[in-house]
Amino acid sequence: MKRKILAVLVPPFAVCRYGCAGYCAAPIGLFWLAGIGSLIYGFYGGPLGVEGISWTTLILGVVMWIIAAVWAEDTIKGVDEGDLQATSNLCRVVKKPAIDEHDPFEDIKKAG
């Protein structure tokens, strides 16, 4: 229960604590911070400078926060299932290079 609450309130910290921080913490943090910024900016009139609250900017902030929370939940759920390499479906997109993978800079060093 503590993991889910932390994932909803502060998604990047939840991923750092319980998930695959090396892959997902930075993009989740960017979505979360952009959501907070959009929420604050929405209360000051948004990009159009309207009088009062810019509801579209406020909704954008909420949507970005929800994306960060769902992504954090997905990451933490993957750790709970026991897959410690790339725990999230979204984290699987970014993969570590294999040790035996060819390094193109070696060709440059050999040619020079």
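The text that follows walks through the structure, step by step, so that each part is easy to find. (Residues numbered from 1 in each chain as written. Predicted model: local features only at pLDDT ≥ 70, side-chain atom pairs only at ≥ 80, totals over all residues. Heavy atoms only, no water.)

Side note on the overall build of the protein chain
Here comes step 1: The helix and strand tally for the protein chain stands at five helices and zero strands.
Here comes step 2: Residues classed as buried in the protein chain amount to 32% of the 112 residues present.
Here comes step 3: Partitioning the contacts of the protein chain with sequence separation of at least 6, the portion at a separation of at least 24 is 48%. (Helix = DSSP H or I, 4+ residues; strand = E, 2+ residues; numbered from the N terminus. Buried < 20%, exposed > 50% of the residue type's maximum accessible area, 1.4 Å probe, protein only. Contact = heavy atoms within 4.5 Å.)

Some points on helix 2 (residues 11-18)
Here comes step 1: Those residues of helix 2 lying buried are Pro11, Pro12, Ala14, Val15 and Tyr18. When helix 2 is viewed along its axis, its buried side chains cluster within an angular range of 160° and face the same direction. (Arc of directions from axis to C-beta.)

Section: the packing of aromatic side chains
Aromatic ring pairs are described here by two measures, namely the spacing of the ring centres and the angle between the planes.
Here comes step 1: Enumeration over the complete set of coordinates arrives at three aromatic pairs.
Here comes step 2: Taken together, a centroid distance of 6.3 Å and an interplanar angle of 75° make the contact between Phe13 and Trp32 edge-to-face. Of the two residues, Phe13 sits in helix 2 while Trp32 sits in helix 3 (residues 21-43), which places them 19 residues apart along the sequence.
Here comes step 3: Considering the side-chain rings of Trp32 and Trp65, the 6.1 Å spacing of their centres and the 85° angle between planes classify their relative orientation as edge-to-face. In this pair, Trp32 sits in helix 3 while Trp65 sits in helix 4 (residues 55-80), placing the two residues 33 residues apart along the sequence.
Here comes step 4: For Trp65, a relative accessible area of 24% puts it in the partly exposed group.
Here comes step 5: A connected cluster of aromatic rings, assembled from ring pairs, spans Phe13, Trp32 and Trp65. (Phe/Tyr/Trp six-rings, centres within 6.5 Å; stacked < 30°, edge-to-face > 60°.)

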